[in-house]
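Structural description and commentary
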Amino acid sequence: MEEPATGGRPKRTRAQTRTTTENNASDASEHVDRDRESSPDDFEAPRPKAKRGRPPSGSTAAPPKASALTLIEVVKGNGKLIPQAVKLWVERYEKDAKPATVELLTMLFEACGAKYHIKEELLDETNVDDVVVALVELARSGNVDDYQSSKKEFKNMKDNLQSFWDKLVCECQHGPLFDQILFEKCMGYIIALSCTPPRVYRQTATLMGLQLVTSFITVAKTLGVQRETTRRQLEAEKKKQSEGPRVESLNKRFSMTHENITILEQMMRNIFQGLFVHRYRDIEPNIRTSCIEALGVWILSYPSMFLQDLYLKYLGWTLNDKNAGVRKASVLALQNLYEVDDNVPTLGLFTERFSTRMIELADDIDISVAVSAIGLVKQLLRHQLLPDDDLGPLYDLLIDDPAEIRHAIGALVYEHLISQKFISSQSGAKGVENNSSEVQLGRMLQILREFSADPILSVYVIDDVWEYMNAMKDWKCIISVLLDENPLIELTDEDATNLVRLLCASVKKAVGERIVPATDNRKPYYTKAQKDVFEHNKQDITLAMMKNYPLLLRKFMADKAKIPSLVDIILHMNLGLYSKRRQEQNFETVLQLIKEAFFKHGEKEALRSCANAIMLCSTDSQGELKDTARNLVKELHDELIHNKLKPAMKEVVDGGDEYPLLVNLKRMYELQLSGNVPIESLYEDMVSTLQSYTNKDDQVVTFLLLNMYMHVQWSLHAIIHSPTISEASLSSILAKRDSLLERLEYILNSCLEMEGNRCNQLARWVCVILTDLSRLFKKTNFASSKLEKLGYSPDASVLQKFWKLCVQQLSISDGTEDDDGNKEYIEETNRDTVMMAAVRLAVTDKVYKEYLGPEIISRFVMHGTSGAEIVKHLITFLKKNDDDLPKTFLEALKMAYHRYMVELSRSDDESLASKHFLEFQELAAQLSGTFIGASKNKHKSDILKIVNEGIEYAFIDAPKQLSFLEGAVLHFVSKLPTPDILEISNVNIQNRTENVNMDEDPSGWRPYHTFVQTLREKFAKIEGIQEEKDGTSVRRRGRPRKRRNIQGKRLFDDHGSSEEEDSISGSDHENAQDEEEQQDEDEDDDDDEDVPLINQIRSSSKLRSLKVSREGNKGQT
């Protein structure tokens, strides 16, 4: 059912007050005169409130009384006068029913937005259908007001209207409610209006009808109590005497009460059949939602009538509604029903039929629906209505992306599997024993065994359950279990590893640190109260660990899986307590043990944890503790440099084993990531080792370069922050930088000469280091200062080789690994890192941008979603800072088109050439798609320039390059207004083909004809709708974005649907979303622009590793 257009209308004059039906049109004049006095249009808007202490100007009028206002004015007001107005109306009805009924019906019509009046003397003869037809005609002519809109003056209208009918039903329960005249007539009009095309009628009538049923239930429940009381009195009286006036009176009261309840239930059924069964499938989601919310209330409050499958099935069917709000309303209604234990037996058949759908909704596309559905599943588990075998899909959601869903599943897992509340509630006293920390930890370890192979997934599970499981904060219990001091739990090695991970993750959570990255990557904000809790937790953790920490480190010293997590704990302890509790010796012991672990292990995680811990202790501790830590750091540096690295370098130069050198270079690299290490005496040895080292694709070369770069970075940092700058220090850093650049260029050439994929990691690190050096020593950083001689810019040949190496690495899949590749660091050197390095170098300097910018953008769609996101950041930067954006875009398009033409000319495989052309077309679509919404007008001159110069390029040596028109120019033309399209078609295009014989090469000129024909079609269609369709060309080519507010299953799986259901569509705000996304990109924070890429890799690699990619795409439910 389509709604008629209800556009805006001018304010009516006083003469246009009310409309009457044709049969009483002759008496309209007398009604007009009467209505002028009470028409709401004649009332002025309420004056603003007077300021406190200042009397209002003029006379101080008393607030209006209910008797002086019409019913609609009472409803439109603040609602305080509704009880009084209802009481007065009932009195008028009891005196004279007809005029009071007309008054009530008039209010009913006016609440729907229509000014309509029924003559009193024709009330009984007036046909409901005739009135409804006249009201629909009013709506079609636009003469209705929408009181359900979000306008401020109508914000209380909905609540007041519901309150009015509720008070009316309650006030009439001792008389008019059961005369089967008044409410039958009102219900007739309400049901009829709820089935009309105008949305405003359906919405208001549905609101009133649903409220009537709710109010009838209130009265019916009261009468039910009275009936039960009367029944008990009657039974007691009959025991005394079988007959008599008392028994007769009670029998009469019982019969009357029962009859009244029967009348109410019949009116409820009438509204349900006449209104609900049609409107719960309305085209308007808000109406459907209201129906389901009301049905949930009815079933819960009046189960004797509504708690049966005849009514429950509607809640089950709307679990499949395509609107998230309706699905959520149904889920919440069911939650409330299952909370009442007495309802569960009656819900058995319903549960059996719809439980599968309830479980499916836990993975709903809308997060709020999914979270509510998980709560519903918890209710089903509480009543033992679901077998454990059905819960498998739910447990997969423990590693889902939205945190709200994960935590909701975490609550379910805790209650069902760990604390076993649902089982213990059935078994009674055993629940106390099941809640001990040891028992809960044992159950949690059993769950974590399923994720032992992937520590990242274990962290997700811990994060999900942590909030609900207090045993995770029982530090003493966890430590005693790890030290084998608790006989209740016997740990396997796998369990011990999981428990150490649990301890570390729980410590981080307890002090306010995230263990799973947020989707927005924003720093969390905590209140003062929360920070106080974190400090208290930190103190508790420190006190629990203080004496036991050395024992744990000694026990698990040799275990590379456990030692990183154990060492990380010290980062979250209150080191000052060691001094307050006179535990300095324990602190020194812990440091010595961490140092021992640092030299015992060679894996990245263990080395990084130890380096961070030692550096933090040397900077954040106080007094003697700081001196102790600094002395240990100096000892560590000396031992690593003089006793480890130098002998290892000499051994390699002499042809010995290279592993000691590799592992100690890793140690040095991790130390330099956390702080400055004085390796001046070692730097020249590193250069010499590089020069003499022949195995150029080895990891040793990589870590030599990384350590040299880190030292140069720390040296530059020291000079910049030094109060005095000596010539010797400048000469020293220049020599170090130049020697590093020399080796980088040599290795760059070597990697380009190598065949195959033999130096992936080394080549990618070379790209990263070269980018960071160019940014660190950018000439503009030191211009007009004492450090001006430090400025550096790679020459054109190096830049070209750099990009050639980047292209080589971008064409290699991340799955391709070197034979001897270092898998620990492979996540830090993937293709995205190479693309990021190229983008960062491109934005460093205008010269780099002019060369690299078009090259990078031309590969926009060639390297997956993550690569495209990196290129988007470059485009955002260029749109804000580049004055010649059209040139950059056009050059990128030419490069992509050139790759297609080259492939077309040299390859017999048409599919490969076609693939390149599709990539070229997609690039044009993506670039033109950056001009959306307001940016189209802002960048109109840029778009026009791209179109005109693109046409110029396409006609060079025509018709060879004419496919450039169809593949690229066409996408940008669609962003232009109609006059510009017409000018391009008539002037820029057709003038070029004058005096050209196109019949000589018809296939060559085909793209030209296609282009011209498309322009003509666009010109014919574009007028009036261009702005609405601009944003869709790109979307049609790509994968549609996952939208949170649509697509559910069909509304009814086993019921026919009406036309209005078939016409239900999703959100129509895609263009607005596109603009918001573009604005978000334009407003990206540039704070990390000057941070070296290596440091960013270090901080982001862990976050990237925590992103769990789920197999398969989540279906829209």
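Throughout, a residue's number is its position along its own chain's written sequence, starting from 1. For a predicted model such as this one, the threshold for reporting local features is a pLDDT of at least 70, and the threshold for listing and counting side-chain atom pairs is 80 or more; totals across whole chains, interfaces and linings nevertheless cover every residue. The side-chain quantities take in all heavy atoms of the structure and omit both hydrogens and water.

A few points about the overall build of the protein
To be explicit about the condition: Each helix corresponds to a stretch of at least 4 residues labelled H or I by DSSP, and each strand to a stretch of at least 2 residues labelled E; elements are numbered beginning at the N terminus. Each residue is placed in one exposure class: buried if its accessible area under a 1.4 Å probe, protein chains only, is under 20% of its type's maximum, exposed if it is over 50%, and partly exposed if it falls in between. Residues are treated as being in contact if the distance between any of their heavy atoms lies within 4.5 Å. Only the protein chains shown count as cover for residues, with accessible areas throughout obtained via the Shrake-Rupley method and a probe of 1.4 Å.
The helix and strand tally for the protein stands at 52 helices and zero strands. Here the protein holds 1117 residues, and 51% of them are scored as buried. Considering only contacts within the protein whose residues lie at least 6 apart along the sequence, 74% involve residues at least 24 apart. Put simply, the protein shows about 53,200 Å² of open surface, and 48% of that area lies on carbon and sulfur atoms.

Side note on the packing of helix H41 (residues 885-906) against helix H42 (residues 910-928)
Selection criterion: Fitting a line to C-alpha atoms yields each axis, with helices limited to the stretch in contact; the angle taken between N-to-C directions then spans 0 to 180 degrees. Oblique is the label for every angle not falling under 35 degrees (roughly parallel), over 145 degrees (roughly antiparallel), or within 65 to 115 degrees (roughly perpendicular). Residue polarity follows a fixed list, in which Ala, Val, Leu, Ile, Met, Phe, Trp, Tyr, Cys and Pro are nonpolar, Asp, Glu, Lys and Arg are charged, and the others, Gly among them, are polar.
Following both chains from N to C, one finds H41 and H42 inclined at 170 degrees, their axes separated by 8 Å at the closest point. Here H41 is positioned roughly antiparallel relative to H42, judged by the angle of their axes. Here Phe889, Ala892, Leu893, Ala896, Tyr897, Arg899, Tyr900, Glu903 and Leu904 of H41 lie close against H42, whose contacting residues are Leu912, Ala913, His916, Phe917, Phe920, Leu923, Ala924 and Leu927. Residue classes in the contact of H41 with H42 are distributed as 14 nonpolar, one polar and two charged.

What about helix H28 (residues 584-600)?
Because an α-helix packs 3.6 residues into every turn, residues spaced three or four apart end up facing the same way. Basically, it comes down to this: The span you would expect from a helix comes to 1.5 Å times its residue count less one.
In a regular helix each residue adds 1.5 Å, so 17 residues correspond to 24 Å; H28 covers 24 Å between its end C-alpha atoms and thus fits that length. All buried positions along H28 are accounted for by Asn586, Phe587, Thr589, Val590, Leu591, Leu593, Ile594, Lys595, Ala597, Phe598 and Phe599. If you follow the buried residues of H28, they end up packed against helix H25 (549-555), helix H26 (563-568), helix H27 (576-580), helix H29 (604-620), helix H30 (623-653) and helix H31 (659-674).

Some details on the nonpolar core
Our working definition: By nonpolar core is meant a set of buried Ala, Val, Leu, Ile, Met, Phe, Trp, Tyr and Cys residues that side-chain atoms within 4.5 Å join together.
By size, the foremost hydrophobic cluster in this structure holds 324 residues, and its most contacted members are Trp165, Phe216, Phe276 and Phe306. The leading source of residues in this core is helix H8 (residues 199-240), at 13 residues. Residues within four places of phenylalanine 306 in sequence aside, it is in contact with Val213, Ile217, Met268, Phe272, Trp298, Ile299 and Tyr311.

Overview of the environment of arginine 246
Note that arginine 246 resides in helix H9 (residues 245-279). You can call arginine 246 partly exposed: its relative accessible area is 37%. Taking C-alpha positions, arginine 246 is 9.9 Å from glutamine 233, a pair spaced 13 residues apart along the chain.

Here's the deal with the packing of helix H44 (residues 940-954) against helix H45 (residues 963-973)
Between two packed helices, the angle of one axis relative to the other and the distance separating the axes together describe the packing. Selection rule: Each crossing gets its handedness from the near helix: less than a right angle anticlockwise from the far helix is left-handed, clockwise is right-handed.
The geometry of H44 relative to H45 is characterised by a closest axis approach of 9 Å and an angle of 165 degrees between their N-to-C directions. It follows that H44 is roughly antiparallel to H45 by the angle criterion. In terms of crossing hand, the pair formed by H44 and H45 is left-handed. Here H44 contributes Ile943, Ile946, Val947, Gly950, Ile951, Tyr953 and Ala954 to the contact with H45, which in turn contributes Phe964, Leu965, Val969, Phe972 and Val973.

What about H44?
For clarity, the threshold we go by: Directions pointing from the helix axis toward each C-beta atom define the arc.
Between its terminal C-alpha atoms H44 stretches 21 Å, which fits the 21 Å expected from 15 residues at 1.5 Å a residue. Burial in H44 covers these residues: Asp942, Ile943, Ile946, Val947, Gly950, Ile951, Tyr953 and Ala954. Take H44 and look down its axis: the buried residues cluster within an arc of 165 degrees, on one side only.

Digging into the pattern of salt bridges
What counts here: Here, a salt bridge means any side-chain nitrogen of Lys or Arg that lies within 4 Å of a carboxyl oxygen of Asp or Glu.
Under the criterion given, the structure shown has 40 salt bridges. Linking aspartate 364 and arginine 327 is a salt bridge whose minimum nitrogen-to-oxygen distance equals 2.8 Å. With aspartate 364 in the loop between helix H14 (348-360) and helix H15 (367-382) and arginine 327 in helix H13 (residues 324-339), this pair connects stretches of sequence that are 37 residues apart. The pair aspartate 364 / arginine 327 is uniform in exposure class, with both members buried. Arginine 406 serves as the salt-bridge partner of aspartate 463, at 3.0 Å between the closest nitrogen and oxygen. Here aspartate 463, found in helix H21 (residues 455-466), pairs with arginine 406, found in helix H17 (residues 403-418); they are 57 residues apart in sequence, far enough to count as distant.

Examining the packing of aromatic side chains
Just so we agree on the cut-off: Centre distance within 6.5 Å is the pairing criterion for rings of Phe, Tyr and Trp, where only the six-membered ring of Trp is used; planes under 30 degrees apart are then read as stacked, over 60 as edge-to-face, and the remainder as tilted. Ring-over charges, as used throughout, are those where CZ of Arg or NZ of Lys falls within 6 Å of the ring centre and within 35 degrees of the ring normal.
Under the counting rule described, the total for this entry stands at 34 aromatic pairs. With a centroid separation of 4.9 Å and an interplanar angle of 85 degrees, the aromatic rings of tyrosine 280 and tyrosine 314 are classed as edge-to-face. Taken together, the residues tyrosine 280 in the loop between H9 and helix H10 (285-301) and tyrosine 314 in helix H12 (residues 309-317) connect sequence positions 34 residues apart. Taken as a pair, tyrosine 280 and tyrosine 314 share a single burial class, namely buried. Cluster of aromatic residues (ring-pair linked, three or more members): Phe272, Phe276, Tyr280, Trp298, Phe306, Tyr311, Tyr314 and Trp317. Above the ring of tyrosine 683, the side-chain terminus of lysine 736 is found at 5.8 Å from the ring centroid. Sitting above the plane of the tyrosine 746 ring, arginine 743 keeps its charged end 4.7 Å from the centroid.

Overview of unusual backbone geometry
Following alanine 958, the chain continues to proline 959 via a peptide bond in cis, the omega torsion being 10 degrees. Structurally, the position occupied by proline 959 is in the loop between H44 and H45. Although it is not a glycine, aspartate 484 adopts a positive phi angle of roughly 60 degrees. Position of aspartate 484 among the secondary structure elements: in the loop between helix H22 (475-482) and helix H23 (493-510).

Some thoughts on empty space enclosed by the protein
Over the atoms a probe the size of a water molecule is rolled, and this reveals where empty space is left. Here is the rule we go by: With a 1 Å grid laid over protein atoms only, a set of points is called a cavity when a 1.4 Å probe fits there but cannot get out and a pocket when it is open yet has protein on both sides within 12 Å along at least five of seven lines; lining residues have an atom within 4 Å of a point. Grid points are joined across faces, edges and corners, and a volume is the space filled by probe spheres set on the points.
Under the criterion given, the structure shown has four cavities of 30 Å³ or more. Empty space within the second largest cavity amounts to approximately 50 Å³. Residue lining of the second largest cavity: Ser858, Val861, Met862, Ala896, Arg899, His916, Glu919 and Phe920, and that is the complete set. Contributions of two or more residues to the lining of the second largest cavity are made by H41 and H42. Ranked by residues supplied to the lining of the second largest cavity, first place goes to H42 with three residues.

Considering the side chain of threonine 689
What counts, and what does not: Identification of polar contacts relies on pairs of N or O atoms within 3.5 Å, with a donor-acceptor requirement for protein atoms, meaning one able to donate a hydrogen and the other able to accept it, and with residues adjacent in sequence counted only if both atoms are side-chain atoms.
You can see threonine 689 is positioned in helix H32 (residues 680-692). By relative accessible area, threonine 689 is classed as buried at 2%. Among the polar contacts made by the side chain of threonine 689, one reaches the main-chain carbonyl oxygen of aspartate 685 at a distance of 2.7 Å.

Quick word on the confidence of the model for the protein
To keep it simple, the criterion reads: Confidence of the prediction at every residue is given by pLDDT, a number between 0 and 100.
Here the protein averages 81 in pLDDT, and 81% of its residues register 70 or above. Segment residues 427-432 is flagged for pLDDT under 50; beyond a separation of four residues in sequence, or across chains, it makes one contact in the model. Note that residues 1097-1117 has pLDDT below 50 and, in this model, 51 contacts with residues that lie over four places away or in other chains.

Description of the environment of valine 590
Checked against the element boundaries, valine 590 lands in helix H28. Here the alpha-carbon distance between valine 590 and isoleucine 614, two residues 24 residues apart in the chain, equals 10.0 Å. For valine 590, the contacting residues outside a window of four places in its chain are Tyr549, Pro550, Leu553, Ile570 and Tyr578.

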